[in-house]
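# Secondary and tertiary structure notes
Below are the chains, spelled out letter by letter.
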Amino acid sequence: MTEETLTIRNNSTGKEADFSLLKGTIGTPVIDVSSLNKKMGLFTYDPGFMSTSSCKSSITYIDGEKGVLLYRGYPIDQLAEKCSFLEVAHLLMNGELADDAKQAEFEHEIGQHAMLHEAMRSFIDGFHYDAHPMAMMVGIVGSLSAFYHSELDMNDPEHRRISAMRMLAKMPVIAAACYRHSIGFPFVYPRSDLSYCENFLNMMFSLPSQKYIDKDNYIDPVAVKALNLLFILHADHEQNASTSTVRLASSTGANPYACIAAGIGALWGPAHGGANEAVLSMLEEIGTVDRIPEFIAKAKDKNDPFRLMGFGHRVYKNFDPRATIIRKACYEVLEGLGGSEKDPLFELALELEAYALNDEYFIEKKLYPNVDFYSGIIYKALNIPVDMFTVMFTIARTAGWVSHWLEMMAEPGQRISRPRQIYTGHDIRNI
Ligand code: CMC
């Protein structure tokens, strides 16, 4: 087959050059402009990366028009229904779902890497009790760089694999430790006899005086299933802002723990992972159904910075399949955890969604609920405090970050990521 090309012509000078059209397995074709400067003396300008592919990747595929999300080719709804979070993490990191023996080995190794160095406890103690848990996460995950010098030869695939496993294993332990510190409760050590999600719930909620798990090892299966579901849905989302941050930082050859800490910083923003916390605050501020029109009007007002949190997405322009799955799960979880699907916040969220989806502004701009619109309702039902919501996203997205990092580091001929700019300052001048 002949290579498809595209010609770019400078209409002022008449100079033109051909550029290859690259195609993935599925998805929109991409113009390879890497030689644009050499051939035409030009750069591209695309703030916010509205039309830019920054890399090749075989991990996750999104079709924003059709509401499709695939991890390694598998539709998200199938994974959400049939897999645990660690099965999905194995898939993302290694490219395939594991058989039972391999999965058991993977989970055993995660269990082995879960413990934190005891010195990290005094590091965590150094934070003020009211520090935001995401601030603590950035610091503590970055500090892992100081603990694991011996396995940091990034040219060694085994060192890279161990670093990735460590991050996945330790993230829930660090997250729970941040929470326990903020409420002044003793840390709970990870247990290798519990699953990833059970372990996290136990580390969050077990007390010396009142165990979260009883003597029969009972832990509410509804809570565990809900947590697995949310972690799977948040595990990866191709080149989102935090994953791109991890990739960009890693392109310098920086320490992987520092790169993931950079990703956590990016995730924290309210336009990205911080939206789940912002949705809950927004719903609480709206309070009652009769105030919905007032807040919709604010969201539409160009002079008001308020946006409807949990609405809109750069890629999804029809629906976010993750939001559809979470909305459905809310009924099951609220009922199953002994509450009621008549939870006032859930009812308010449903009304708000219905109102917005009938509003011309939201229809015209193709703004739909995203993954963060309903996730907080479930986290709240699991007794996760609101300021921990983005931390929950962090635990889940670690699977995606380390998968992208592993993929990128294994690629030969890696280059440092170094965009250019349109300079708008002074021309040369003398003092
Ligand atoms: N409420 C009101 N107006 C909105 C909203 C919203 N939530 N989202 C977008 N718009 C408007 C925006 O003002 C713009 O209008 P105009 O064309 O007149 O200037 C238009 O819709 C397009 O928005 P944009 O900001 O140019 O789109 P983007 O692709 O750059 O941003 C977004 C995507 C998710 C940052 C944005 O929709 C947003 O801020 N949403 C609220 C925050 C949120 O829920 N974030 C979670 C995203 S999903 C999870 C994740 O990524 O972590």
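As the structure is a prediction and not an experimental result, all values here were calculated from the model.

### Side note on the site of the ligand
Around the ligand sit 22 residues in total, of which His272, Leu308, Gly310, Arg314 and Lys365 are the nearest. The backbone of Gly310 places a nitrogen or oxygen atom 2.8 Å from an oxygen atom of the ligand. Take Tyr361: an N or O atom from its side chain is 2.8 Å from a nitrogen atom of the ligand. Protein coverage of the free-state accessible area of the ligand, which is 930 Å², stands at 75%.

### Points about the pairing of strand β1 (residues 5-9)
When β1 meets strand β2 (residues 16-22), the two strands line up antiparallel, connected through five bridges. In the sheet register, Thr5 faces β2, and the bridge partner there is Ser20. Counting the residues that bridge the hairpin from β1 to β2 gives six residues, and of these Gly14 lies at a positive phi of roughly 80°.

### Quick look at the nonpolar core
General note: in soluble globular proteins, nonpolar side chains tend to be found buried as a group. By size, the foremost hydrophobic cluster in this structure holds 123 residues, and its most contacted members are Tyr71, Phe85, Leu168, Phe231, Leu308 and Ile384. The leading source of residues in this core is helix α7 (residues 157-183), at 13 residues. If we skip the residues at most four places from it in the chain, Phe85 touches Leu168, Tyr196, Asn228, Phe231, Ile232, Ala235, Ile395, Ala396 and Ala399.

### Here we look at the domain arrangement of the chain
Domain annotation of the chain identifies domain 1 (5-53) and domain 2 (77-410). The straight-line distance from the C-alpha centre of domain 1 to that of domain 2 is 36 Å.

### With respect to empty space enclosed by the protein
Where empty space is left in the structure can be found by rolling a water-sized probe over the atoms. This model, assessed by the stated rule, comprises two cavities of 30 Å³ or more. The calculated volume of the largest cavity comes to roughly 130 Å³. Lining of the largest cavity is provided by 13 residues; of these, Leu116, Val173, Phe187, Val188 and Tyr189 occupy positions nearest its centre. No other element matches α7, which puts four residues into the lining of the largest cavity.

### Regarding the sheet that holds strand β5 (residues 68-71)
Spatial ordering of the open sheet is given by β4-β5-β6, a layout of three strands whose pairing is antiparallel. Both edges of this open sheet fall to β4 (60-63) and β6 (74-75), since each of them pairs with a single strand only. Both β4 and β5 contribute to a ladder of four bridges, which runs antiparallel. Bridge assignment links Ile62 to a residue of β5, and that residue is Leu69.

Reading the values: rules and limits
- Residues numbered from 1 in each chain as written.
- Predicted model: local features only at pLDDT ≥ 70, side-chain atom pairs only at ≥ 80, totals over all residues.
- Heavy atoms only, no water.
- Near = heavy atom within 4 Å.
- Polar contact = N/O pair within 3.5 Å; in protein donor to acceptor, adjacent residues only side chain to side chain.
- Areas by Shrake-Rupley, 256 points an atom, 1.4 Å probe, with all protein chains shown as cover.
- Pairing = 2+ DSSP bridges.
- Helix = DSSP H or I, 4+ residues; strand = E, 2+ residues; numbered from the N terminus.
- Core = buried A, V, L, I, M, F, W, Y, C linked by side-chain atoms within 4.5 Å.
- Buried < 20%, exposed > 50% of the residue type's maximum accessible area, 1.4 Å probe, protein only.
- Contact = heavy atoms within 4.5 Å.
- Domains from an automatic or database assignment.
- 1 Å grid on protein atoms, 1.4 Å probe; cavity = no way out; pocket = protein on both sides within 12 Å on 5 of 7 lines; lining within 4 Å.
- Points joined across faces, edges and corners; volume = space filled by probe spheres on them.

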